[in-house]
Amino acid sequence: MPSAESSPAPSTPPASSARAGVVAGEDGLLRPYWASVDPLMREYYDTEWGMPVRDERGLYERLTLEAFQSGLSWATILRKRPGFRAAFDDFDPDVVARYDERDVERLMHDAAIVRNRLKILAAITNARATIALREEGGLVDFVWSFQPAETPRPATMAEVPTTSAESIALSKALKKKGFAFVGPTTMHALMEAVGIVDTHLVDSHRRGSSGVWLPASGSPARGKSRHESAATRDTNGIAT
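Along each chain, residue indices are assigned from 1 in the same order as the chain's sequence is written. Confidence filtering applies because this is a predicted model: local features only for residues at pLDDT of at least 70, side-chain atom pairs given and counted only at 80 or more, and all residues used for totals across whole chains, interfaces and linings. Hydrogens are left out, water is left out, and the side-chain values use all remaining heavy atoms of the structure.

1. Overview of the packing of helix 2 (residues 56-69) against helix 3 (residues 74-87)
Step number 1: Lines fitted to C-alpha atoms define the axes here, with helix axes fitted over just the stretch in contact, and angles between the N-to-C directions of these axes take values from 0 to 180 degrees. Helix and strand assignments come from DSSP, with helices taken as H or I runs of at least 4 residues and strands as E runs of at least 2, each series counted from the N terminus. Remark: helix 2 packs on helix 3, axes separated minimally by 10 Å, with the N-to-C direction vectors making an angle of 130°. Classed by the angle they form, the pair helix 2 and helix 3 counts as oblique. The way helix 2 lies across helix 3 gives a crossing that is right-handed. Together, Glu61, Arg62, Leu65, Glu66, Phe68 and Gln69 of helix 2 and Trp74, Ile77, Arg81, Phe84 and Arg85 of helix 3 make up the contact between the two elements.
Step number 2: Residues are sorted three ways: Asp, Glu, Lys and Arg are charged, Ala, Val, Leu, Ile, Met, Phe, Trp, Tyr, Cys and Pro are nonpolar, and all the rest, Gly among them, are polar. Broken down by class, the residue content of the contact of helix 2 with helix 3 amounts to five nonpolar, one polar and five charged. Roughly parallel means an angle under 35 degrees; roughly antiparallel means over 145; roughly perpendicular covers 65 to 115; every other angle is labelled oblique. In this scheme the handedness of a crossing depends on how the near helix is turned from the far one: anticlockwise by less than a right angle means left-handed, clockwise means right-handed. Pairs of residues are marked as contacts when any of their non-hydrogen atoms sit within 4.5 Å.

Okay, structure coming up:
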């Protein structure tokens, strides 16, 4: 779920929205408030958010955009997504990994993206780390290995977690592999966005739509994950 401090809605949600469950849209479908107002966010929620991403370029793009989103609204990132794709060579890690200071300056002058030098440098750093990780099976297998044995089953927005034992462990593991801007909260948002966990509200029309999780039980749809649960890993020393 996009972070609370960066609400995607174009207007201020009612004070009770954090405690509320789903709301009915004009089409009669049930969604959380953040996905019910802005047409762009509604389309993203209905077609993309929470669906499995299992290709390297796609996961690198999501990792990069989640980092750029930090402190901003997800709606802002979505509106700039075409600009990001053009500026970062369609998020091809092999190309971005070769960026130099001239590319950094080019990106810093590109109004189509979020011009934050530290985040731009992190995108380049993470492209290089993604390439290095291929020797160990690749970014996709690495990130998906932190899929938990169960997923949350929130009925209201207040019940949706912003971190987990797995996101803390993933954050620490990625940092050890040389990645930047991969804090536990950002990694939890990534895990939600790419289907590793399902935090659709239980009454949402999208609950269970990824095929990864059973909508009723919150258990993996294909049995237990073949990967070690990240909840058993060392999570000490990670800051949100």
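That was the structure; now back to the text.
2. Digging into the environment of Leu59
Step number 1: Relative to the helices and strands, Leu59 is located in helix 2.
Step number 2: Here the alpha-carbon distance between Leu59 and Val194, two residues 135 residues apart in the chain, equals 7.8 Å.
Step number 3: Every residue in contact with Leu59, bar those within four places of it in the chain, is listed here: Val53, Leu139, Val140, Val143, Leu190 and Val194.

3. Considerations on a nonpolar patch on the surface
Step number 1: Each patch groups residues whose relative accessible area exceeds 30% and which form no salt bridge, using 9 Å between like charges and 5 Å between nonpolar side chains of Val, Leu, Ile, Met, Phe, Trp and Tyr. Computed with a 1.4 Å probe, the accessible areas rest on the Shrake-Rupley method; for each residue, only the protein chains presented here act as cover. Salt bridge criterion: a side-chain nitrogen from Lys or Arg within 4 Å of a carboxyl oxygen from Asp or Glu. Taken together, Leu118, Leu121 and Phe181 make up a surface patch of nonpolar side chains, about 270 Å² in accessible area.
Step number 2: On the secondary structure map, Phe181 appears in the loop between helix 8 (165-176) and helix 9 (184-193).

4. A look at unusual backbone geometry
Step number 1: Positive phi values are uncommon outside glycine, yet Phe91 reaches one of about 55°.
Step number 2: Relative to the elements of secondary structure, Phe91 occurs in the loop between helix 3 and helix 4 (93-96).
Step number 3: Unlike most non-glycine residues, Phe181 shows phi in positive territory, near 55°.

5. As for the confidence of the model for the chain
Step number 1: The share of residues in the chain with pLDDT of 70 or more is 84%, and the mean pLDDT across the chain is 87.
Step number 2: Confidence scores here are pLDDT values: one per residue, from the predictor, ranging 0 to 100. Overall, residues 223-240 carries pLDDT values under 50, and its contacts beyond four positions in sequence, including any with other chains, amount to 31 contacts.

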